[in-house]
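# Observations on the model geometry
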Amino acid sequence: ISLEQGLAYALVALGIVISFRILAFPDLTVDGSFVLGGAVVARMIVLGYQPLTGVVLAILIGFSAGCATGLLNTRLKINSLLAGILIMTILYSVNLRVMGRSNTPLLNYVTVFTPFEQMEIRWLSVTLFFGGIVLASKFLADLFLHTQVGLAMRATGDNEQMIRTLGVNTDNMTVLGLGISNALVALSGALVAQHQGFADIGMGIGMIVAGLASIIIGETLLRARSVGMITFAAILGSCIYRLVITIGLWLGLAPTDLKMATGAMVI
């Protein structure tokens, strides 16, 4: 179960790698865009659309949310932390508006996980499904970060002044990077909502801290230096982080203390 959950939330860690590690942008939009992904897919499923259509729309709207944060920072010159907080706050109302209420159950609807329910070893099928999506996302992210645009984005995070003198528009790189980051986070939210059987307005609380915990754990263990290793470290860290939480609950840690334990782990 911890491996299943670790892979489900690994997409959040991958998204945070792009904003936090590649762009050096502390993006707090994540807490809102995770719920946004779940809210959009839940609404689409309830309205009778195919689950896959809802997932694609969730990715696109998540991308838009990330771009909005980037535009506040680059065009309106709002501080990066404040820009993220503003969009996260706005998304709270947007998510409620999308769902129409604070919680949308999906147990009686067809989701992307419905075909797995008939299988004998459901958990293995779901784990392989999540694993396939995470590996595909990692491969595409690595591929993108080795293109000219990807290299320009990495340089923007490393040395903005230097890359600007070479004619690269660093503002556009920031907006694009935050868009991709939140698209991955929204994809995770869309899949997690279907997996757990409901979308809830509070499901994204502390998501940024959990993602950072995954990255820090993974990088501490692997001493990652290359882009490929950094993205792999985030995935590995997410699985280990969920395993630690499972062990903590098994040892008697109260579920109400999980956020505090996560914060302590990051510190």
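Please refer to the structure higher up on the page.
Quick look at the structure, then. (Residues numbered from 1 in each chain as written. Predicted model: local features only at pLDDT ≥ 70, side-chain atom pairs only at ≥ 80, totals over all residues. Heavy atoms only, no water.)

### What to know about the pattern of salt bridges
Stated precisely, the cut-off is as follows: Just to be clear on terms, a salt bridge is a Lys or Arg side-chain nitrogen sitting within 4 Å of an Asp or Glu carboxyl oxygen. Segments assigned H or I by DSSP are reported as helices when at least four residues long, segments assigned E as strands when at least two residues long, and all are numbered from the N terminus.
Taken as a whole and judged by the stated rule, the model has 4 salt bridges. Notably, a salt bridge pairs Arg21 with Glu219, separated by 2.9 Å at the nearest N-O pair. Here Glu219 lies in helix α9 (residues 207-222) and Arg21 lies in helix α1 (residues 2-22), a separation of 198 residues in the sequence. With its nearest N and O atoms 2.4 Å apart, the salt bridge here joins Glu160 to Arg164.

### Thoughts on empty space enclosed by the protein
What counts is decided by this rule: A 1.4 Å probe that fits into a set of points on a 1 Å grid over the protein atoms alone but cannot get out defines a cavity; an open set with protein on both sides within 12 Å along at least five of seven lines defines a pocket, and lining residues are those with an atom within 4 Å of a point. Grid points are joined across faces, edges and corners, and a volume is the space filled by probe spheres set on the points. Residues are grouped as follows: Ala, Val, Leu, Ile, Met, Phe, Trp, Tyr, Cys and Pro are nonpolar; Asp, Glu, Lys and Arg are charged; all remaining types, including Gly, are polar.
Scanning all chains against the criterion turns up 1 cavity of 30 Å³ or more. Looking at the largest cavity, its volume works out to about 40 Å³. In terms of lining, the largest cavity is formed by Tyr9, Val12, Ala13, Met207, Ala210, Gly211, Ser214, Ser238, Tyr241 and Arg242. Those elements that provide at least two residues to the lining of the largest cavity are α1, α9 and α10 (227-250). No other element matches the 4 residues that α9 contributes to the lining of the largest cavity. Within the lining of the largest cavity, the residues separate by chemical class into 6 nonpolar, 3 polar and 1 charged.

Structural measurements only, silent on function.
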